Amino acid sequence: MGQQIRVMNDALAPARAYGASRRAGTLARMLEPVDPAVENAIAFLRGHLSGILRFDSEHRPIKIIVAPDGHLAASVMVAMIRSVDTTLCLPDEDDESMHLHVTLEQFDENGPKAAFADRWRIYHGDPPDVRWATISIDAARFNGLFIDGEALMRPNALAASEAAICKALNAAHTDLVRTACLTSAEVGMEKPIVVGVDGSGIDVRGAIDIVRLNAPIELHNEADALRALKKVAGRSV
């Protein structure tokens, strides 16, 4: 039976089946028709890596990263892991924000998922807690729609070359990255550092927070990333 990626309004509109088996994994998801609601939600998620985690009766600030496999990860309190009713709000708890019903699973920062903790530190600096967790998205509410969580956990097709692309951009194109951040997000950065690249954008770390540069073209390699930066910065390609 085909996977159902559900995008429905609050009046319980019918789910749409795209015919790709859940077990087929990443390749099947890549072959599914593009859904604008899902694409908009993914773009919003990747552009908002700070928010509020609601668990039990607590509301605590949290910073996340998107792991290469599409799951989220964060430095967390033990009470967050133990909670059975957890909502991640990005960037806030108002109606305009994204509300994700999530499940946390603790991992050892020295174990197989150590790279997730390392990635978090690269994005955000020193962690506030000593425990770490992967965050699975069960479902999301965004722009008046309910979206199946699996559709939002899209693996990074550039994961194998991401580190090399970041290194190349940081080595030779800092001025271009700085201009792109100022032009796109109106954020001035003295020393911008590219910390992440995926098919739809580039993540840049500044002194205070992460700036997401949405790519005007789909990114497949370093040349595409450089071309996208030039377009965002308003320079000739």
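Note that this is a predicted model, so its numbers are computed, not measured.

A.B. asks: Please clarify how the overall build of the chain should be interpreted in this entry.
C.D. replies: Within the chain, the secondary structure is distributed over eight helices and 13 strands. Burial analysis of the chain (237 residues in total) assigns 44% to the buried set. In the chain, the share of contacts with a sequence separation of at least 24, taken over all contacts with a separation of at least 6, comes to 58%.

A.B. asks: Explanation requested: the environment of D85 in the structure shown.
C.D. replies: Its location among the elements puts D85 in the loop between α3 (78-82) and β7 (86-90). A C-alpha to C-alpha distance of 6.5 Å links D85 and D56, two positions 29 residues apart in sequence. If near-sequence neighbours (up to four positions away) are discounted, D85 is found in contact with R54, F55, D56 and H101.

A.B. asks: What exactly am I supposed to notice about the pattern of salt bridges here?
C.D. replies: Close approach of charged atoms allows side chains of opposite charge to pair. Under the counting rule described, the total for this entry stands at 11 salt bridges. Taking the shortest distance from any N to any O, the salt bridge between R46 and D198 comes out at 3.3 Å. Pair noted here: R46 is in helix α2 (residues 36-46) and D198 is in strand β11 (residues 193-198), with a separation of 152 residues, a long-range link. Like D198, R46 is buried. One salt bridge in this structure joins R121 and D118, with 4.0 Å as the shortest N-O distance. In this pair, R121 and D118 are both assigned in helix α4 (residues 114-124), three residues apart and thus about one turn of the helix distant. A single salt-bridge network, built from bridges that share partners, covers R46, D198, D203 and R212.

A.B. asks: Can you help me understand a negative patch on the surface in this one?
C.D. replies: Together, D92, D94, D95 and E96 make up a region of like negative charge exposed at the surface. For E96, the location among the structural elements is in the loop between β7 and β8 (98-107).

A.B. asks: Mind showing me how you'd approach the side chain of D203 here?
C.D. replies: Inspection of the secondary structure puts D203 in strand β12 (residues 201-205). Among the polar contacts listed, one links the side chain of D203 to the side chain of Y123, at a separation of 2.6 Å. What D203 contacts, discounting residues up to four positions off in sequence, is R46, Y123, I193, V194, V195, G196, I210, V211 and R212.

A.B. asks: What exactly am I supposed to notice about the nonpolar core here?
C.D. replies: Formed by 42 residues in total, the largest nonpolar core has its most connected members in I64, L72, L88, L100 and L152. The element that contributes the greatest number of residues to this core is strand β9 (residues 131-142), accounting for six residues. Aside from chain neighbours lying at most four places away, what touches I64 is L45, H48, L49, L72, A73, A74, L88, L90, W120, H124 and I135.

A.B. asks: Any chance you could explain the sheet that holds β11 here in plain terms?
C.D. replies: Within a sheet, each strand pairs with its neighbour through backbone hydrogen bonds, oriented either parallel or antiparallel. Spatial ordering of the open sheet is given by β11-β12-β13, a layout of three strands whose pairing is antiparallel. Two strands in the sheet have a free side with no partner beyond their single neighbour: β11 and β13 (210-214). Between one strand axis and the next, the sheet turns by 20 degrees as a mean value, whatever way the strands run. Judged from the five bridges that link them, β12 and β13 form a sheet pairing that is antiparallel. Looking across to β13, one finds that V204 is bridged to V211. Sitting on the sheet, helix α7 (residues 174-185) is in contact with β11, β12 and β13, with an inclination near 85 degrees to β13.

A.B. asks: When you look at empty space enclosed by the protein in this model, what are you seeing that I'm missing?
C.D. replies: Gaps left between atoms show up when a probe the size of a water molecule is rolled over them. Applying the stated criterion across every chain, the model contains two cavities of 30 Å³ or more. Size it by volume and the largest cavity reaches roughly 60 Å³. Listed by contribution, the elements that provide at least two residues to the lining of the largest cavity are α4 and β11. When residues in the lining of the largest cavity are grouped by element, the largest group, three residues, is from β11. Here the residues of the lining of the largest cavity sort into four nonpolar, one polar and five charged. The volume enclosed by the second largest cavity comes to roughly 30 Å³.

A.B. asks: How do you make sense of the confidence of the model for the chain when you look at a structure like this?
C.D. replies: For residues with low pLDDT, the predicted coordinates do not support detailed interpretation. The predicted model of the chain has a mean per-residue pLDDT of 89, with 86% of residues at 70 or higher. Contacts from residues 1-30, a stretch scored under 50 in pLDDT, to residues over four places away or in other chains number 51 contacts.

Conventions and cut-offs
- Residues numbered from 1 in each chain as written.
- Predicted model: local features only at pLDDT ≥ 70, side-chain atom pairs only at ≥ 80, totals over all residues.
- Heavy atoms only, no water.
- Helix = DSSP H or I, 4+ residues; strand = E, 2+ residues; numbered from the N terminus.
- Buried < 20%, exposed > 50% of the residue type's maximum accessible area, 1.4 Å probe, protein only.
- Contact = heavy atoms within 4.5 Å.
- Salt bridge = Lys/Arg side-chain N within 4 Å of Asp/Glu carboxyl O.
- Patch = residues over 30% accessible without salt bridge, like charges linked within 9 Å, V, L, I, M, F, W, Y side chains within 5 Å.
- Areas by Shrake-Rupley, 256 points an atom, 1.4 Å probe, with all protein chains shown as cover.
- Lys, Arg positive; Asp, Glu negative; His and termini not counted.
- Charge placed at Lys NZ, Arg CZ, Asp CG, Glu CD.
- Polar contact = N/O pair within 3.5 Å; in protein donor to acceptor, adjacent residues only side chain to side chain.
- Core = buried A, V, L, I, M, F, W, Y, C linked by side-chain atoms within 4.5 Å.
- Pairing = 2+ DSSP bridges.
- Axes fitted to C-alpha atoms, helices over the stretch in contact; angles between N-to-C directions.
- 1 Å grid on protein atoms, 1.4 Å probe; cavity = no way out; pocket = protein on both sides within 12 Å on 5 of 7 lines; lining within 4 Å.
- Points joined across faces, edges and corners; volume = space filled by probe spheres on them.
- Nonpolar A, V, L, I, M, F, W, Y, C, P; charged D, E, K, R; others polar.
- pLDDT = per-residue confidence, 0-100.

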